[in-house]
Amino acid sequence: MDQSSSDSRAELHEAPAPLRSSRRAAAGADDLRRAEARLEAVLECLADAVLSIDEKGVVVAVNAAAGTLFCCSGAALLGVEAATLLPESRLAAGDRRSHGLARRPDGSTFPIALTLNETRGDSRLRIAVIRDLTEQRAGEALLCELRAELAYAGRLAAMGELAAALAHEINQPFSAIATYVRTARWLLQRKPKQTAEIEDILDKAGAQAMRAGDIVRRLREFVTRGESVKTVQSLSTLVEEAKSLGVAGARHVGAQVCVAAKAEHDEVLADRVQIQQVIVNLMRNAVEAMDGAARRELSLSTSAADGFARLDVADTGHGLKDGGGALFEPFRSTKATGMGIGLSISRSIVEAHGGRIWAEPNPQGGAIFSFTLPLAERASP
Ligand code: ADP
């Protein structure tokens, strides 16, 4: 038994100090009765179930909430072995606070937070306080679902805006393939002996077909609803993969996109599609901010320090209008056709991953948008 648990034992369970006179004895008995009544009243109005468990592990007393939580009459719980109701391993380990699944007499289970304590005195009782986490879990699940829905809506909106640029992006490898095939055919007719050259051209056509396939695959992943699944990923790899979608549109603005630095160990526990969504959002904003600017350079760099991987998206555009903080609030847009939801969705995705996102002025002119994600060693349980 650790120090903290003995400190917090309920005063109500303590026997009264030895009494000298019968008057004091009577007063002491009165005090004790009052204390017991007070304890009973407290127990009965608690929303948490309280079970008293004897040394043999049998339930010997319960409060009203116990019957409600375990869906039976409180009396039905008396005489029952506690290990059939509560996570046995937690009981055995004697952890003061733990989580697990409780089992009702009808066999159904429910998530609980369990607090264990022990009484002092001759007959030791263990007191189990059980909080039902069903609603909390349902709330968390709903929040998670809503966040995923919002992220999905954001991806669809981004795709809508990028459609023309992406059509162009996918068209490029196809026209390259058409040119290679025409050249190979011409060579076969005119110089059929130049097999090495023909093979080379066919290889190039094959590579372009792979490139087109890749873009289509990423697009499909990007707009497929899919559940939020976190896996260990290198942030630099996510950046590489998102780039083909993010640079769409850069061409018509005439922007140059480069990966300036790459961290060596930047594995994070992340939902791949959602983090790519953040990267695409930041790249798209950067490209839009550079439309018409004298210098149009977009540079992406990843780094890792202090348990976090980090991405910086630096542009040379018109820069931040108002310090940068408010941009992450929903519906803040300075664009004529902007919805102002890209950055707020990005923030909710990054924060749900345990990271941080912010913007600051680029010393070279323009803006730098950065986010961090906990490195996988820290994020995994
Ligand atoms: P939208 O792009 O629809 O306006 P966002 O939430 O993506 O919505 O962006 C909100 C606002 O933040 C933009 O309207 C713009 O004013 C500002 N912003 C975003 N990225 C940049 C950037 N790279 N440089 C300057 N301003 C930016």
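Residues numbered from 1 in each chain as written. Predicted model: local features only at pLDDT ≥ 70, side-chain atom pairs only at ≥ 80, totals over all residues. Heavy atoms only, no water.

A.B. asks: I'm lost on helix 8 (residues 195–223) in this one. Help?
C.D. replies: Each α-helix winds once per 3.6 residues, and so residues spaced three or four apart point in a common direction. A rise of 1.5 Å per residue sets the reference length of helix 8, with its 29 residues, at 42 Å; its end C-alpha atoms lie 42 Å apart and thus fit the reference within 8%. Within helix 8 the residues assigned to the buried category are Ile198, Ile201, Ala205, Gln208, Ala212, Ile215, Arg218, Leu219 and Phe222. For helix 8, the elements touching its buried residues are helix 7 (134–190), helix 9 (235–246) and helix 11 (272–289). (Helix = DSSP H or I, 4+ residues; strand = E, 2+ residues; numbered from the N terminus. Expected span 1.5 Å × (residues − 1). Buried < 20%, exposed > 50% of the residue type's maximum accessible area, 1.4 Å probe, protein only. Contact = heavy atoms within 4.5 Å.)

A.B. asks: Please clarify how the packing of helix 9 against helix 11 should be interpreted in this entry.
C.D. replies: For any two helices packed against each other, one specifies the inter-axial angle together with the distance between the axes. Running from N to C, helix 9 and helix 11 cross one another at 55°; their axes reach a closest spacing of 9 Å. Here helix 11 runs oblique to helix 9, going by the angle between their axes. Relative to helix 11, the crossing made by helix 9 is right-handed. Contacts between helix 9 and helix 11 involve Leu235, Leu238, Val239, Glu241, Ala242, Lys243, Leu245 and Gly246 from the former and Arg272, Ile275, Gln276, Ile279, Val280 and Met283 from the latter. The residue makeup of the contact of helix 9 with helix 11, split by class, is 9 nonpolar, 2 polar and 3 charged. (Axes fitted to C-alpha atoms, helices over the stretch in contact; angles between N-to-C directions. Parallel < 35°, antiparallel > 145°, perpendicular 65-115°, else oblique. Left-handed = near helix turned anticlockwise from the far one by under 90°. Nonpolar A, V, L, I, M, F, W, Y, C, P; charged D, E, K, R; others polar.)

A.B. asks: Whenever I open this one, unusual backbone geometry confuses me. Can you help?
C.D. replies: Trans peptide bonds make up the majority, and among non-glycine residues the majority have a negative phi. A positive phi angle, close to 55°, is found at Cys71, a residue other than glycine. Within the secondary structure, Cys71 sits in the loop between helix 3 (64–69) and helix 4 (74–77).

A.B. asks: What should I look at first to understand the nonpolar core in this one?
C.D. replies: The tendency in soluble globular proteins is for nonpolar side chains to be buried as a group. Ranked by internal contacts, the top residues of the largest apolar core, which has 50 residues, are Leu235, Ile275, Ile279, Leu282, Leu311, Phe369 and Phe371. Looking at this core, the element that brings in the most residues is helix 11, giving 9 residues. Every residue in contact with Phe371, bar those within four places of it in the chain, is listed here: Leu235, Ile275, Val278, Ile279, Leu282, Ala309, Arg310, Leu311, Val350, Arg356, Ile357 and Trp358. (Core = buried A, V, L, I, M, F, W, Y, C linked by side-chain atoms within 4.5 Å.)

A.B. asks: Honestly, helix 11 in this entry has me stumped. Any pointers?
C.D. replies: Here helix 11 contains 18 residues, and its C-alpha end-to-end distance of 26 Å stays within 8% of the 26 Å for a straight helix at 1.5 Å per residue. Here helix 11 lies mainly inside the structure; 16 of its 18 residues are buried.

A.B. asks: Sorry if this is basic, but what is going on with the site of the ligand here?
C.D. replies: Near the ligand, the surroundings consist of 19 residues, among which Asp315, Ser333, Thr334, Lys335 and Leu343 are the closest. Here an oxygen atom of the ligand sits 2.9 Å away from a polar atom, N or O, in the side chain of Asn285. Within the side chain of Thr334, a nitrogen or oxygen atom sits 2.4 Å from an oxygen atom of the ligand. When the free accessible area of the ligand is taken as 540 Å², the share hidden by the protein chains comes to 96%. In the shell around the ligand, the residues fall into 8 nonpolar, 8 polar and 3 charged. (Near = heavy atom within 4 Å. Polar contact = N/O pair within 3.5 Å; in protein donor to acceptor, adjacent residues only side chain to side chain. Areas by Shrake-Rupley, 256 points an atom, 1.4 Å probe, with all protein chains shown as cover.)

A.B. asks: Explain the packing of aromatic side chains here, please?
C.D. replies: The way to describe two aromatic rings as a pair is by their centre distance and the angle between their planes. In this structure the tally under the stated criterion is 2 aromatic pairs. Plain terms: the ring middles of Phe70 and Phe110 are 5.5 Å apart, the flat faces sit at 75° to each other, and that makes the pair edge-to-face. Here Phe70, found in the loop between helix 3 and helix 4, pairs with Phe110, found in strand 4 (residues 109–118); they are 40 residues apart in sequence, far enough to count as distant. Look at Phe70 and you get buried, because its relative accessible area is 0%. Residue class for Phe110 comes out buried when judged on its relative accessible area of 1%. Measuring from ring centre to ring centre gives 6.1 Å for Phe328 and Phe369, while their planes differ by 55°; the resulting arrangement is tilted. With a gap of 41 residues between them, Phe328 in the loop between strand 10 (308–314) and helix 12 (342–352) and Phe369 in strand 12 (residues 367–374) connect regions that are remote in the sequence. Note that Arg356 overlies the ring of Trp358, its terminal NZ or CZ placed 4.2 Å from the centroid. (Phe/Tyr/Trp six-rings, centres within 6.5 Å; stacked < 30°, edge-to-face > 60°. Lys NZ or Arg CZ within 6 Å of the ring centre and 35° of its normal.)

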